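Below, each chain spelled out in residue letters.
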Amino acid sequence: MKTRAAVLWGVGQDWKVEEIELDPPKSGEVLVEMKAAGLCHSDEHMVTGDMVVPDDLRQLFELPDTFPLIGGHEGAGIVVEVGPGVTSVKPGDHVSASFIPSCGRCRYCSTGRQNLCDLGAGALNRGQILDNTSRHHLDGHDLAIMAKLGTFSQHTVVSEMSIIKVDDDLPLTAVCLVSCGVATGWGSAVERAGTAAGDTVVVVGIGGIGMNAVQGARMAGARHVIAVDPLEFKREKAMEFGATHTVASIDEAIPFVTQLTWGQMADRVIMTPGVMYGDLMKGAMTLTGKGGTCVVTAVAPMTQTESAVNLFELAMWQKEIKGTIFGSLNPRRDIPNLLSMYREGQLKLDELITKTYSLDEINDGYQDMRDGKNIRGVITF
Ligand SMILES: NC(=O)c1ccc[n+]([C@@H]2O[C@H](COP(=O)([O-])OP(=O)(O)OC[C@H]3O[C@@H](n4cnc5c(N)ncnc54)[C@H](O)[C@@H]3O)[C@@H](O)[C@H]2O)c1
Ligand SMILES: [Zn+2]
Ligand SMILES: [Zn+2]
């Protein structure tokens, strides 16, 4: 069939909305009509090149080219057709995307760590999960799909392992947000940082991810939630999502948190700026108190290997630094769980959407993200 998708042809380019050819689903695959796709910063890392495998590594590991690539890994839609052997969804079902697939069988899935599923390893490689061949084509090119999803496409074909059935009555824009930003931010604060009642939590970078770390920290019972962002709009909104204080920079946060905690500093620091640079760790670790935890959620340029961490303090003050993908949640349990909290009015989702865009307006949407105008921009199809 023919459909329309936003394609990236290389680093530094704009998204180009193209008519593409889409093959029917093969064994274990599903054709989904997308209804909503979130403009997460992670797709922007493909535009800037921060998350593109460098050429020397690509050659070393004999990886195919990254581009052309259909973007999008946050999304929700409706199942149109299923391939042979698909058992978890049927046509008409509403589904959330999951940017990490869950096979249910690997060492990680079988120990409650679906966010580390072995099948996630090829997320940035071309081809479908099961047979590495492409269903998406344009002018003789096989198109890669971001995180094996490609939610910036009116229709897409994905593995059954990459989608999760959700209740039909939920707005698909809300389902879309939970599929990456909400789960990642909320899980960073609640699951990975392990925020407990009475904690002081600092969240650095208040975008689609950080705002949900703020709301997760509040739900976990934090005493102080300090939201750090240079943009006034983000700081104002953070107060509506549960922040108790806001400051404009890490440099301002250090004396502020020192005074607020009588020098004890934060129990949890969550790093969710648009790009994670190594030098940000110096301030992040100063904000992290004795026995405290710093969670790094934001994506650093792939080649970044240096970071300003005082290793003496790390050991002697017993601090910990933790990475996280998908907020260390299990997509099959936690996407429906977060949606049930939304249904009960405990989790704010609709309020995260600053603006919606058509697929053709995708570059405007990303410009608004760069300009800091959106908590989250969402494409509605
Ligand atoms: N680990 C994961 O599984 C995962 C999943 C999704 C996204 N991410 C990453 O999380 C990060 C945030 O994504 P997003 O969609 O929320 O981005 P965003 O662009 O919507 O928001 C980033 C915010 O950080 C602020 N900021 C930038 N530099 C700052 C600094 N030095 N101090 C304080 N604030 C700063 C910006 O003003 C902006 O408000 C990105 O790197 C993204 O790729 C990680
Ligand atoms: Zn994302
Ligand atoms: Zn697995």
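The structure under discussion appears in the preceding block.
The paragraphs below set out a description of the structure included in this document.

Reading guide: rules and limits
Residues numbered from 1 in each chain as written. Chains lettered and ligands numbered in written order. Predicted model: local features only at pLDDT ≥ 70, side-chain atom pairs only at ≥ 80, totals over all residues. Heavy atoms only, no water. Donors = N, O, S within 2.8 Å, 3.2 Å for Na, K, Ca; no water. Helix = DSSP H or I, 4+ residues; strand = E, 2+ residues; numbered from the N terminus. Buried < 20%, exposed > 50% of the residue type's maximum accessible area, 1.4 Å probe, protein only. Core = buried A, V, L, I, M, F, W, Y, C linked by side-chain atoms within 4.5 Å. Contact = heavy atoms within 4.5 Å. Pairing = 2+ DSSP bridges. Tetrahedral: all angles 85-135°; square planar, octahedral: opposite > 155°, others 65-115°. Phe/Tyr/Trp six-rings, centres within 6.5 Å; stacked < 30°, edge-to-face > 60°. Salt bridge = Lys/Arg side-chain N within 4 Å of Asp/Glu carboxyl O.

Attention now moves to the coordination of the zinc ion (ligand 2). Distances from the zinc ion (ligand 2) to its protein donors, Cys40 (SG), His73 (NE2) and Cys180 (SG), fall within 2.0 to 2.3 Å. Spacing between the donor residues of the zinc ion (ligand 2) along their common chain follows C-x32-H-x106-C. Here the residue His73 occupies a position in the loop between β4 (69–70) and β5 (75–82), and Cys180 occupies one in helix α3 (residues 172–192), the gap between them amounting to 107 residues. Judged by its relative accessible area of 4%, Cys180 falls in the buried class.

The biggest cluster of nonpolar side chains holds 83 residues, and the ones touching the most others in it are Phe152, Leu338 and Leu349. Per element, the largest residue contribution to this core is 11 residues, and it comes from α3. Ignoring sequence-local partners within four residues, the contact set of Leu338 consists of Val178, Val182, Ala183, Trp186, Leu329 and Leu347.

In this section: the sheet that holds strand β2 (residues 16–22). Strand order in the open sheet formed by six strands is β8-β7-β2-β1-β4-β9, with mixed pairing between adjacent strands. The sheet is open, and its two edges are formed by β8 (141–142) and β9 (144–145), each paired on a single side. Across two bridges, strand β7 (residues 136–138) lies against β8 in antiparallel orientation. In the strand pairing of β8, His137 is matched with Asp142.

Summarising the metal site, the zinc ion (ligand 3) is bound by the protein donors Cys103 (SG), Cys106 (SG), Cys109 (SG) and Cys117 (SG), whose distances to it range over 2.4 Å. One way to put it: the four donor atoms around the zinc ion (ligand 3) meet at angles of 102 to 116°, and that makes the site tetrahedral. Mapping the donors of the zinc ion (ligand 3) onto the primary sequence gives the spacing C-x2-C-x2-C-x7-C. Classification of Cys103 as partly exposed rests on a relative accessible area of 22%. The exposure class of Cys106 is buried, given its relative accessible area of 10%.

For any two aromatic rings, the description comes down to two numbers: the centre-to-centre distance and the angle of the planes. Applying the stated criterion across every chain yields a total of four aromatic pairs. Here Trp15 and Phe152 contribute two aromatic rings whose centre-to-centre distance is 5.5 Å and whose plane-to-plane angle is 90°, an arrangement assigned as edge-to-face. Residue Trp15 is located in the loop between β1 (2–8) and β2, and its partner Phe152 is located in the loop between β9 and β10 (155–159); the two are separated by 137 residues in the primary sequence. Judged by relative accessible area, Phe152 falls into the buried class, the value being 0%.

Applying the stated criterion across every chain yields a total of 18 salt bridges. When the shortest N-O distance is used, the salt bridge between Arg268 and Asp199 registers 2.8 Å. Residue Arg268 is located in strand β15 (residues 266–271), and its partner Asp199 is located in the loop between α3 and β12 (200–204); the two are separated by 69 residues in the primary sequence. Between Glu240 and Lys237 there is a salt bridge, and its shortest N-O distance comes to 3.4 Å. Note that Glu240 and Lys237 are positioned in helix α5 (residues 232–240) at a spacing of three residues, about one turn of the helix.

Note: strand β3 (residues 29–38) against β5, seven bridges, orientation antiparallel. Across the sheet, residue Val32 finds its bridge partner in β5, namely Val79. Bridge count for β5 against strand β6 (residues 94–97) is three bridges, and the pairing is antiparallel. Across the sheet, residue Gly77 finds its bridge partner in β6, namely Val95.

We now examine unusual backbone geometry. For residues other than glycine, phi is negative in most cases, and the peptide bonds are mostly trans. Looking along the chain, the bond that leaves Phe67 and enters Pro68 is cis, with omega of 0°. In this structure, Pro68 sits in the loop between α2 (55–60) and β4. Of note, the phi angle at Trp262 is positive, near 55°, even though the residue is not glycine. Positive phi outside glycine occurs at Ser328, with the angle close to 55°. Mapped onto the elements, Ser328 comes out in the loop between β17 (320–323) and α9 (331–343).

We now examine helix α4 (residues 210–219). With eight of 10 residues buried, α4 is to be regarded as a mostly interior element. Among the residues of α4, Gly210, Met211, Asn212, Ala213, Val214, Gln215, Gly216 and Ala217 are the ones counted as buried. Buried residues belonging to α4 abut α3, β12, β13 (224–228), α5 and β15. Of the residues one or two after α4, Gly221 is the one with positive phi, at around 95°.

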